[in-house]
Amino acid sequence: MRIGPHELASPALMLAPMAGFTDLPFRSLCRRFGADYAVAEMTASREDLRARQKSRTRWVEPGERGLKAVQLLGADPAVMAEAARAAEADGADVVDVNMGCPAKKVLSRECGSALMKDPALAREILEAVVGAVKIPVTLKMRTGWDREHRNAVEFARMAEAAGAAMIVVHGRTRADGFRGEAEYDTIARVRRAVALPVVANGDVDSGPKALAVLAHTGAAGLMIGRAAMGRPWIFAEMRAALEGRSYTPPAASAEGLLRVILDHRAEHFDYYDARRAMRLFRKHLAHYLKPLASTPEAEARLSALLAEEDAQAQTDRVRAFLEAHGVGTGAAAAEPQHFPAS
């Protein structure tokens, strides 16, 4: 598939932007496991907000391997256009416009998925951003504001007319948030309605599910979000499924999982200052190990491990935790997938 002039594997496997997770170290790790494309955490379009220290890690990373994709959030066409120009000037390869975030803080500013209630303003934003830069502009959206107002097909046609190079559709409405199951019928209708690449997002969490969603939607690729938390190897698992190969995840052994954790943490500590690195890495560590904390005793050990302040002591605790509780997530069974109707 292509995003403007950029060619990716087909079908493409993409890492979704996730606040607090998809920083450069995590994007790099997912790429090593086979992600074809990775989007930085969403960032505010206003210059004063983009300049904050926290937001700097959500901007263009000059040394990042692969396409550099910046996701912008905002509701003012002129401000969004200026932010896109700044991203392009700083080396971005792609600008993504967020019209899918369901967070209340975002909605209160009429941003994110709130724009699905205002197609006219959404079109103004996309036209302004597309007109401001030479690099491709993409869109991430939901199926609609709520189940009674699913307008993803109309929105996709609008985005195509405005010059978008790719559309990612999360298979839930804004009202759904992340509750319930994603549905893929709407994504399939979007795919049939436009000529530009359509990527399916939402609840794609295994190799068999990847195969089933692609078959159901006809999408050009898959964007993986929460399923990659604590499982960056999910991209390798999915690529193996797409190619008909078997795959043994690192989490099948204590040694394999420990190596991923330590490699991730080393890159994480190289990127952040030590104090911030230790604090921020805890959420990644929790996702790696939470599936093993199946008893009250294990949960208590995990809580103590996550509270550890010393890096070497943390490593020792992780090793002991793995030895005490064993590892064996395995790949999902290759059984038929049935999706909720739209």
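Residues numbered from 1 in each chain as written. Predicted model: local features only at pLDDT ≥ 70, side-chain atom pairs only at ≥ 80, totals over all residues. Heavy atoms only, no water.

## Remarks on empty space enclosed by the protein
Counted by the stated rule, this structure contains 1 cavity of 30 Å³ or more. Its volume calculated, the largest cavity comes out at about 30 Å³. Around the largest cavity, the lining residues are Arg27, Ala40, Trp59, Val60, Glu61, Glu64, Lys68, Ala69 and Val70. Classifying every residue of the lining of the largest cavity by side-chain character gives 5 nonpolar, no polar and 4 charged. (1 Å grid on protein atoms, 1.4 Å probe; cavity = no way out; pocket = protein on both sides within 12 Å on 5 of 7 lines; lining within 4 Å. Points joined across faces, edges and corners; volume = space filled by probe spheres on them. Nonpolar A, V, L, I, M, F, W, Y, C, P; charged D, E, K, R; others polar.)

## Quick word on the packing of helix α1 (residues 24–32) against helix α11 (residues 254–271)
One way to put it is that α1 packs onto α11 with a least axis distance of 9 Å and a crossing angle of 140 degrees. With respect to α11, the element α1 is oriented oblique. Remark: the crossing between α1 and α11 carries right-handed chirality. Touching Leu24, Pro25, Phe26, Ser28, Leu29 and Arg32 of α1 are Val260, His264, Glu267, His268 and Tyr271, all from α11. Of the residues contributing to the contact of α1 with α11, the split by class is 6 nonpolar, 3 polar and 2 charged. (Axes fitted to C-alpha atoms, helices over the stretch in contact; angles between N-to-C directions. Helix = DSSP H or I, 4+ residues; strand = E, 2+ residues; numbered from the N terminus. Parallel < 35°, antiparallel > 145°, perpendicular 65-115°, else oblique. Left-handed = near helix turned anticlockwise from the far one by under 90°. Contact = heavy atoms within 4.5 Å.)

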